[in-house]
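Survey of secondary and tertiary structure
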Amino acid sequence: MTDATQSPAQGSLSAYDAHTAKRNTAEKRFRAYGLTAIVIALTLLVILFTTIIRSGAPAFTRTVVEIDFTLTTPQFEAAEKKLLKTKEYNMLFAGFVADAISDGALDQAAVAASLERILGKVGGDIRTHYRANPGDLDTPVAFELSTSSRAEQYLAGDITRDTLVDSRFLTAADLDVIDRMKDAGFIKTALDTTFLFGADAGVDNPGGAGIGVAVIGSFFMMLVVLVVSLPVAVAASIYLEEFAPQNWFTDLIEVNISNLAAVPSIVFGILGLAVFIQFAHLPQSSPIVGGLVLALMTLPTIIIATRAALKAVPPSIRDAALGLGASKTQAVFHHVLPLAAPGILTGTIIGLAQALGETAPLLLIGMVGFVAREYPDGLVSGFTDANSAMPAQIYTWASRADPGFYEKAWGGIIILLIFLLSMNIIAIILRKRFERRW
Amino acid sequence: MLDNTIYNERLDTMNDVKISARGVNVFYADTHAIKDVDVDIKDKMVTSFIGPSGCGKSTFLRCLNRMNDTIDICRVTGDIRMDGQDINAKEVDPVQLRAKVGMVFQKPNPFPKSIYDNVSYGPRIHGMARTKAEMDEIVEKSLRRGALWDEVKDRLHAPGTGLSGGQQQRLCIARAVATEPQVLLMDEPCSALDPIATAQIEELIEELRQNFSVVIVTHSMQQAARVSQRTAFFHLGNLVEYGETGQIFTNPTDSRTESYITGRIG
């Protein structure tokens, strides 16, 4: 005993003994492991975000052809007398473009055919404009015209002259027209408001597809989740944590709550289908059903977080309140719950964020992407009308054949991530505020 | 088990007894924590409970305001009467009892609220003040009784948790006396405090004695000797000896008391 305690003192303090050197190496090694793990995680995160942003950014912009087109009054009057009026406008526009980009080198009819594939039938739009604004005749008017998805893909480099197969959508001659328009500076990039605020579109029209309606669907669903799951979860947690006796029954409930948190979300989806739609006859594909299903899924998450927050409140606070003659309910609501509030809030927002990103149960109750075709008329129909949600919309786009939807899916993911990020920021801000108050 | 001195004490002092406990047993699940204890707490006096750790003095203290009710596995039997009324009777609401029997805990536990809110909480939940002015008066009176008023009168709305340890404990005492209790239970109120803060609390206890009966659990025998008029010595769940403080410390009748006081056991 005496030998053992004295032996380190005998060696020099500046020279490591074998044991210390080994211990220090082990410590360095362990730190290196940790650092490596963090570096790997950060690298993957950076790769993930770069991929998402690079693939998704094009979804927020669209390519437009902007041309200052002038229609003279005689041209207008002549066109209005024709039998096929929009065709005449098409030809007039094509002629104008042909002059502008090729000094007459290209044939007007060929340009008109190409423009129809690149821009769609623009004659109708032009005619409508001049009939509504006759004052614009004889002066240049800036027309902003959307391009077809194939033309956009060519401009983005996804289609090249070598890979192009002539089809009714795009031909080699069209590429010449596009190149010349590009050289003339007619092709511009604009913010794609359709993507941000629009509804889902048909499988052959990725350019017209938007996530706006699905965002609204997600919003109404989150409202349902919050209103249903928060009060139930907090009440259940308070009862279990503060009032319930410790016996086999409460133990059973506790085990089941933990198990429920681990149940795959698709099981909740099938439950929702059976109970809310087939039994209760709530409207199919509606945010209220989606919200109820996700609320069930979120309950255990919030309950677990709330119970942890309640447990973290020191028992001395309860003793203090009870010792003053407060009833148990008063002690809980006046002292314990306010102290647990930041924890409950964080748990709730984590639960909501989880619910916001959930796809599988929504597909089972019919909230697939293609039902998000129009905005709800009002508050009630927001809950009951068929709608989709952001992740389901993204899933639908990702499974479509047209490559234009691929970038829409990535863009949708960016929007979803922005929402999740802002929810987390709100959680942090609220938490800080609550903590300062106490 | 019951020795004669205790019975004699009881007979002598029946007239000014505030709380009388007879045959109190406490069980934590299968552990027998308090064994057949008889104690009389006299009115307007300081009674101290001393004894080694785990001897049951805090447990017994918590019987007096039924704080043990909050522990699921704890079972209390026996007869505890306050002013002749059985406090464990079915019709007695522990919440009401605790307003009459205040408690100060070992570790200062102010609510994480303002000083004012800490003191006014008890009176508020018991509906003791109808107006803000009345409440202000109660708060000031309680803080004066807690010997804290002069130090905090300018920052009543500062958080109670921002005070020093000794001030926090005095705040807890002020909070406890705000509900106008008849008995004040103190569970090692100075064990987390430095000697100066301890001296302040002890001085305060002496003043509180004018209005309340005070029961104090302490590990410090010097403190028991300084502040209390009567002392009970607990050992392994038994009440070994109970009597005048002076007599317990100078002339104990039981050999265990003597061993503890002289530092041979404990």
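Residues numbered from 1 in each chain as written. Chains lettered and ligands numbered in written order. Predicted model: local features only at pLDDT ≥ 70, side-chain atom pairs only at ≥ 80, totals over all residues. Heavy atoms only, no water.

**Description of the overall build of chain B**
Secondary structure assignment for chain B yields 11 helices and 10 strands. Rg of the C-alpha trace for chain B: 18 Å, near the compact-globule value of 18 Å for 266 residues, within the 12% margin. Dimensions of chain B, computed from C-alpha atoms along their principal axes, come out at roughly 55 × 45 × 35 Å. When the 266 residues of chain B are sorted by exposure, 57% land in the buried category. Surface accessibility of chain B: about 11400 Å² in total, with carbon and sulfur atoms responsible for 48%. Counting 31 positive and 36 negative side-chain charges, chain B places the centres of these two groups 4 Å from one another. (Helix = DSSP H or I, 4+ residues; strand = E, 2+ residues; numbered from the N terminus. Rg over C-alpha atoms; globule rule 2.2 N^0.38 Å. Buried < 20%, exposed > 50% of the residue type's maximum accessible area, 1.4 Å probe, protein only. Areas by Shrake-Rupley, 256 points an atom, 1.4 Å probe, with all protein chains shown as cover. Lys, Arg positive; Asp, Glu negative; His and termini not counted. Charge placed at Lys NZ, Arg CZ, Asp CG, Glu CD.)

**Some remarks on the pattern of salt bridges**
Charged atoms that come close allow side chains of opposite charge to pair. Residues and elements named next belong to chain A. Inspection of every chain in the model, using the stated rule, returns 30 salt bridges over all chains. The residue R307 makes a salt bridge to E254 at a minimum N-O spacing of 3.2 Å. Of this pair, R307 sits in helix α13 (residues 287-312) while E254 sits in helix α11 (residues 248-261), and the two are 53 residues apart along the sequence. In this structure R307 comes out as buried when scored by relative accessible area, which is 10%. Classification of E254 by relative accessible area gives partly exposed; the value is 30%. (Salt bridge = Lys/Arg side-chain N within 4 Å of Asp/Glu carboxyl O.)

**Considerations on the packing of helix α5 (residues 132-145) of chain B against helix α7 (residues 165-177) of chain B**
Residues and elements named next belong to chain B. With their axes 8 Å apart at the nearest point, α5 and α7 run at an angle of 130° to one another. One way to sum up the angle between α5 and α7 is to call them oblique. The handedness of the crossing between α5 and α7 comes out as right-handed. Contacts between α5 and α7 involve S142, L143 and R145 from the former and L171, A174 and V177 from the latter. (Axes fitted to C-alpha atoms, helices over the stretch in contact; angles between N-to-C directions. Parallel < 35°, antiparallel > 145°, perpendicular 65-115°, else oblique. Left-handed = near helix turned anticlockwise from the far one by under 90°. Contact = heavy atoms within 4.5 Å.)

**Considering the domain arrangement of chain A**
Once the domains are mapped, chain A shows domain 1 (16-58), domain 2 (60-191) and domain 3 (212-434). Look at where the C-alpha atoms of domain 1 of chain A and domain 2 of chain A centre, and you get two points 54 Å apart. (Domains from an automatic or database assignment.)

**Digging into empty space enclosed by the protein**
Residue and element names in this part refer to chain A. Scanning the model with the defined rule gives two cavities of 30 Å³ or more in all. Space inside the second largest cavity adds up to approximately 50 Å³. Contributing elements (two or more residues each) for the lining of the second largest cavity: α4 (85-102) and α5 (108-119). Split by residue class, the lining of the second largest cavity holds five nonpolar, two polar and one charged. (1 Å grid on protein atoms, 1.4 Å probe; cavity = no way out; pocket = protein on both sides within 12 Å on 5 of 7 lines; lining within 4 Å. Points joined across faces, edges and corners; volume = space filled by probe spheres on them. Nonpolar A, V, L, I, M, F, W, Y, C, P; charged D, E, K, R; others polar.)

**Quick look at the nonpolar core**
With 53 residues, the main nonpolar core has V24, F49, F60, L61, I80, L185 and F234 of chain B as its most contacted residues. In terms of residue count, the dominant contributor to this core is helix α15 (residues 328-356) of chain A (six residues). For F234 of chain B, the contacting residues outside a window of four places in its chain are V37, F49, I50, G51, P52, C55, K57, F60 and L239 of chain B. (Core = buried A, V, L, I, M, F, W, Y, C linked by side-chain atoms within 4.5 Å.)

**As for the side chain of T59 of chain B**
All names here are of chain B. Assignment of secondary structure puts T59 in helix α2 (residues 57-63). Here T59 falls in the buried class, since its relative accessible area comes to 11%. Once residues within four sequence positions are removed from consideration, T59 is found in contact with V26, Y28, I34 and N68.

**Here's the deal with the interface of chain A and chain B**
Contacts between the two partners involve 19 residues from chain A and, on the opposite side, 23 residues from chain B. Where chain A touches chain B, the interface holds four residue pairs in polar contact (both at pLDDT 80 or more). Listing elements by their share of the side of chain A that touches chain B, those giving two or more residues are α14 (315-323) and α15 of chain A. Looking at the side of chain A that touches chain B, the element that brings in the most residues is α14 of chain A, giving seven residues. Classifying every residue of the side of chain A that touches chain B by side-chain character gives 10 nonpolar, eight polar and one charged. (Polar contact = N/O pair within 3.5 Å; in protein donor to acceptor, adjacent residues only side chain to side chain.)

**Here we look at the packing of aromatic side chains**
Counted by the stated rule, this structure contains 15 aromatic pairs over all chains. Ring centres of F69 of chain A and F93 of chain A lie 5.3 Å apart, and the angle between their planes is 80°; on these two criteria the pair is classed as edge-to-face. With a gap of 24 residues between them, F69 of chain A in strand β1 (residues 61-70) and F93 of chain A in helix α4 connect regions that are remote in the sequence. F69 of chain A sits in the buried class, given a relative accessible area of 2%. For F93 of chain A, a relative accessible area of 1% translates into the label buried. With centroids separated by 5.7 Å and ring planes inclined at 40°, the aromatic side chains of F60 of chain B and F234 of chain B adopt a geometry described as tilted. Remark: F234 of chain B occurs in strand β9 (residues 230-235) and F60 of chain B occurs in helix α2; sequence separation between them is 174 residues. Residue classification places F60 of chain B among the buried residues on the basis of a relative accessible area of 0%. The rings of F69, F93, F96, Y130 and F143 of chain A are connected pair by pair, giving a single aromatic cluster. One Lys or Arg, R400 of chain A, reaches over the ring of F405 of chain A and ends 4.7 Å from the middle of that ring. (Phe/Tyr/Trp six-rings, centres within 6.5 Å; stacked < 30°, edge-to-face > 60°. Lys NZ or Arg CZ within 6 Å of the ring centre and 35° of its normal.)

**Quick notes on the layout of surface pockets**
All names here are of chain A. Each pocket or cavity is described by its volume, and for the largest pocket that value is around 920 Å³. Along the walls of the largest pocket sit 37 residues, with S148, S149, R150, E152 and Q153 positioned nearest its centre. Mapped onto the lining of the largest pocket, the elements with two or more residues apiece are α2 (18-56), β1, α5, α7 (149-156), β3 (187-191) and α19 (403-437). Broken down by class, the residue content of the lining of the largest pocket amounts to nine nonpolar, 14 polar and 14 charged. When the residues that make up the lining of the second largest pocket are grouped by side-chain class, the tally is 11 nonpolar, two polar and 11 charged.

**Remarks on a nonpolar patch on the surface**
Residues and elements named next belong to chain A. Residues I38, L42, L45, L48, F49, I53 and L417 make up a contiguous nonpolar surface patch of roughly 620 Å² in combined accessible area. With six residues, α2 is the single largest residue contributor to the nonpolar patch. Relative to the helices and strands, F49 resides in helix α2. (Patch = residues over 30% accessible without salt bridge, like charges linked within 9 Å, V, L, I, M, F, W, Y side chains within 5 Å.)

**Digging into the sheet that holds strand β1 (residues 17-28) of chain B**
Residues and elements named next belong to chain B. If you walk across this open sheet you meet the four strands as β2-β1-β4-β5, and the pairing is antiparallel. Bordering the open sheet on either side are β2 (31-42) and β5 (85-86), each of which pairs with just one other strand. Pairing analysis gives eight bridges linking β1 to β2, with the strands arranged antiparallel. Residue pairing across strands places Y28 opposite T31, the latter belonging to β2. (Pairing = 2+ DSSP bridges.)

**A word on unusual backbone geometry**
The phi dihedral of H281 of chain A is positive, around 55°, even though this residue is not glycine. Here H281 of chain A lies in the loop between α12 (265-279) and α13.

**Digging into the confidence of the model for chain B**
Per-residue pLDDT for chain B averages 87, and the proportion of residues at 70 or more is 94%. Under the prediction, the complex receives an ipTM of 0.86, its pTM being 0.79. (pLDDT = per-residue confidence, 0-100.)

**Regarding the environment of V225 of chain A**
Residue placement: V225 of chain A occurs in helix α10 (residues 212-243). Other than its neighbours up to four places away in sequence, V225 of chain A contacts L230, G291, L294, A295, T298 and L352 of chain A.

**Remarks on the state of the cysteines**
Residue and element names in this part refer to chain B. Summed over the entire model, instances satisfying the criterion amount to zero disulfides over all chains. Between C55, a free cysteine, and C63, which holds the nearest cysteine sulfur, the sulfur-to-sulfur gap is 13 Å. Considering cysteine sulfurs only, C74 is the nearest to C63, which forms no disulfide, with 6.5 Å between them. (Disulfide = S-S within 2.5 Å.)

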